[in-house]
Amino acid sequence: MEAKKLKEQLQTEVDTAFLYDSIANLQTDVNLKKVLQSLSEIEKNHAVHILAKLQESNPNMVAPLPSSRAKLQLKLGKIFGYNSIISNLSNIEKQFAVNSIKNKIEKGEKLTGYEHNHLKIIEAVNQNAAFNVSGGLLSKFESRHKSVGGNALRAAVLGANDGLVSNMSLVMGVAGAAVSNSTILLTGSAGLLAGAISMALGEWLSVQSSKELYENQIALETQELEASPEEEKKELALLYQAKGMNAEEAMKLANKAFETNESAIETLITEELNINKEELEGSAWEAAITSFILFAVGAIIPLYPFMFLDGRNAIYLSIASAVVGLFGIGSAITLFTGKSILFSGIRQVFFGLAAAAVTYGIGALIGVSIAG
């Protein structure tokens, strides 16, 4: 492997160990703390082996400190919840497993079946009800963008991006028609409010509908438990067997879960319904208000120059402000993707400006047509 790739892998191992250790320190459950600390030790050992390889060609090479990206992720976790870190660690473990399998195949080595163990462990930790991943108010804002990661930080970034790109396109389209400054400001303000209200309403409906669905599922599961507890216990044991346990272990675990009605329903909610109880605690109004604010923050960026400037000057400042905002959003996305900040930032700027250019051109054509 090239020295550059080894250095990148070394940094990844150091960052991963740092994040495992940091999250372990947040846990109140002793078993979870030990699991995370053990994962951290394994990553540290990997880092030691990689460093030894690098020192073969560069004896003065020393292990790097945790990167600024890893430290920033930890700080943001206090605000948005630690789901973003867990999601990132899962992706890293998945990539490690893929690389391990690929290297073994290339070397002709036999696969052991344990290549995905770390990924399975971190996913099991994430599903554990005792795992502490909560953050501040913004941790409730995640339902609209679950398909792309399921964490509040990512949802917040994308919420602001929605506002910025949509309102910039609207403002540039109206500006292209060469209408008055007051018309542009009025249209942009209407776009900001309409978009923010739409986002807030969609978020409220999403959260509220999910809660009502989950509550109904839990009620049905509770009724089934009361009507036929033995059947439910057998189903749980079969579920454990499907996950890889033998029949004896599965039944022991199911018997333990059914020691009390409370523990039985808790287990069924998690295992059969796959419901995260934290989602039931989230407020639909909190999510709606947060969605409204985040969209508005993005939407105000291309609009504010028209509040005190006219004509071309306002347009130029609007574009410049949007470029800064888009680059910032692209940079924030690298917290999840691990890509270059410069690459992600420029890509985000390109797509945003392309959308604005299209609407500006359409606006200009309509303006010429009306004037003619």
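Residues numbered from 1 in each chain as written. Predicted model: local features only at pLDDT ≥ 70, side-chain atom pairs only at ≥ 80, totals over all residues. Heavy atoms only, no water.

A. Local environment of the UniProt feature "transmembrane region" (unreviewed entry) in the chain. Per the UniProt record, "transmembrane region" (unreviewed entry) is found at residues 287-308, 314-337 and 349-371. Taken end to end, residues 287-308 is 64% helix and 0% strand, and its two terminal C-alpha atoms sit 33 Å from one another. (UniProt positions renumbered as here; feature names shortened; annotations may be inferred. Helix = DSSP H or I, 4+ residues; strand = E, 2+ residues; numbered from the N terminus.)

B. Spotlight on a nonpolar patch on the surface. Together, Trp285, Ile289, Ile293 and Val297 make up a nonpolar patch on the protein surface, roughly 430 Å² of accessible area in all. Take Ile289: it is sitting in helix H12 (residues 284-300). (Patch = residues over 30% accessible without salt bridge, like charges linked within 9 Å, V, L, I, M, F, W, Y side chains within 5 Å. Areas by Shrake-Rupley, 256 points an atom, 1.4 Å probe, with all protein chains shown as cover. Salt bridge = Lys/Arg side-chain N within 4 Å of Asp/Glu carboxyl O.)

C. Inspection of the confidence of the model for the chain at higher detail. Summary statistics for the chain give a mean pLDDT of 77 and a share of 80% for residues scoring 70 or more. Scored below 50 in pLDDT, residues 136-151 makes 54 contacts in the model with residues more than four places away or belonging to other chains. (pLDDT = per-residue confidence, 0-100. Contact = heavy atoms within 4.5 Å.)

D. Broad picture of the packing of helix H1 (residues 3-24) against helix H2 (residues 30-57). H2 packs onto H1 with a crossing angle of 160° between their chain directions and a minimal axis gap of 8 Å. By the angle between their axes, H1 is roughly antiparallel relative to H2. The chirality of how H1 crosses H2 is left-handed. For the contact of H1 with H2, the per-class residue count stands at 14 nonpolar, five polar and seven charged. (Axes fitted to C-alpha atoms, helices over the stretch in contact; angles between N-to-C directions. Parallel < 35°, antiparallel > 145°, perpendicular 65-115°, else oblique. Left-handed = near helix turned anticlockwise from the far one by under 90°. Nonpolar A, V, L, I, M, F, W, Y, C, P; charged D, E, K, R; others polar.)

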